[in-house]
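Report on the structure
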Amino acid sequence: ALLRGEDLRRRVVAVDACAAPGGKTVQLATALRDAGADAVVVANEPSSSRLGALVANAVRCGVGPWLRCTRTTGQKLFAALPRECADFILLDAPCSGDTLARREGRGLAKHLRGQPDAASMKEIVATQLEIV
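None of these values were measured; they are calculated from a predicted model.

What the chain contains, in helices and strands, is 6 helices and 4 strands. Put simply, the chain runs from its N terminus to its C terminus through helices and strands in the order β-α-β-α-β-α-β-α-α-α. When the 132 residues of the chain are sorted by exposure, 34% land in the buried category. Counting only contacts in the chain whose residues sit at least 6 apart along the sequence, the fraction spanning at least 24 positions is 79%.

Okay, here's the thing in structure tokens:
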């Protein structure tokens, strides 16, 4: 469904602006590969500590050849790319970590107690708006 109706006979460029740990990136690259597209996915991750997980997952899932990994901020990435070069943009904007906290068994209230004040949420929202 992701690629329904797309002309994949030409070079397809997809950008994942906040790619680590790579689950969505791998799914996108796999869909393009399986559709027979001549494709490249620019997988960007601003955090060097998370970039390794992205690369490891891509290699483990066999989509390494379709990826070009970068490490910069989303703002710098889109400033450096030529306008309208991407056919697809995947942006899972930086979040508050609430889902991860739940997955790790920490309740939302306990997770939020670890944040000093609402200023941290304002910073996250500001970053999301800059990227979008």
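This part takes up the packing of aromatic side chains. Under the definition given, this model contains 0 aromatic pairs. Directly above the ring of Trp-66 sits Arg-33, whose terminal nitrogen or CZ lies 5.7 Å from the centroid.

With that settled, the discussion passes to the nonpolar core. Val-12, Ala-14, Leu-32, Val-41, Leu-54, Val-63 and Leu-67 are the most contacted members of the largest nonpolar core, which has 18 residues in total. Secondary structure elements with two or more residues in this core: β1 (11-16), α1 (23-34), β2 (38-44) and α2 (48-60). The leading source of residues in this core is α1, at 4 residues. Residues contacting Val-63, with those up to four places away along its chain left out, are Val-26, Ala-29, Thr-30, Arg-33 and Ala-58. Within the second largest apolar cluster, 5 residues are counted, among which are Val-15, Ala-17, Cys-18 and Leu-77.

Counting across every chain of the model gives 4 salt bridges. As a salt-bridge pair, Asp-92 and Lys-24 come within 2.8 Å of each other at their nearest N and O atoms. Here Lys-24 lies in helix α1 and Asp-92 lies in the loop between β4 (88-90) and α4 (98-103), a separation of 68 residues in the sequence. For the salt bridge of Arg-33 with Asp-34, the shortest nitrogen-to-oxygen distance reads 3.1 Å. Its relative accessible area of 28% is what places Arg-33 among the partly exposed residues.

Conventions adopted
- Along each chain, the written sequence defines residue order, and numbers are assigned to residues from 1.
- At least 70 in pLDDT is required for a residue's local features to be given in this predicted model, at least 80 for side-chain atom pairs to be given and counted, and no such filter applies to totals for whole chains, interfaces and linings, which use all residues.
- Only hydrogens and water are removed before side-chain values are computed, so all heavy atoms of the structure are retained for them.
- Only DSSP runs of H or I reaching four residues or more are called helices, and only runs of E reaching two or more are called strands; each is numbered from the N terminus.
- For every residue, the accessible area obtained with a 1.4 Å probe (protein chains only) is divided by the maximum for its type, and the residue is called buried under 20%, exposed over 50%, and partly exposed between those limits.
- Residue contacts follow a heavy-atom distance rule, with two residues in contact if any of their heavy atoms lie within 4.5 Å.
- Two rings belonging to Phe, Tyr or Trp (six-membered ring only in the last case) form a pair when the distance between their centres is within 6.5 Å. Interplanar angles under 30 degrees mark stacking, angles over 60 mark edge-to-face geometry, and anything in between is tilted.
- Working rule: Lys NZ or Arg CZ, within 6 Å of ring centre, within 35 degrees of ring normal, means a charge sits over the ring.
- Among buried residues, those of type Ala, Val, Leu, Ile, Met, Phe, Trp, Tyr and Cys that are joined through side-chain atoms within 4.5 Å constitute a nonpolar core.
- Counted as salt bridges are all cases of a side-chain nitrogen of Lys or Arg within 4 Å of a carboxyl oxygen of Asp or Glu.

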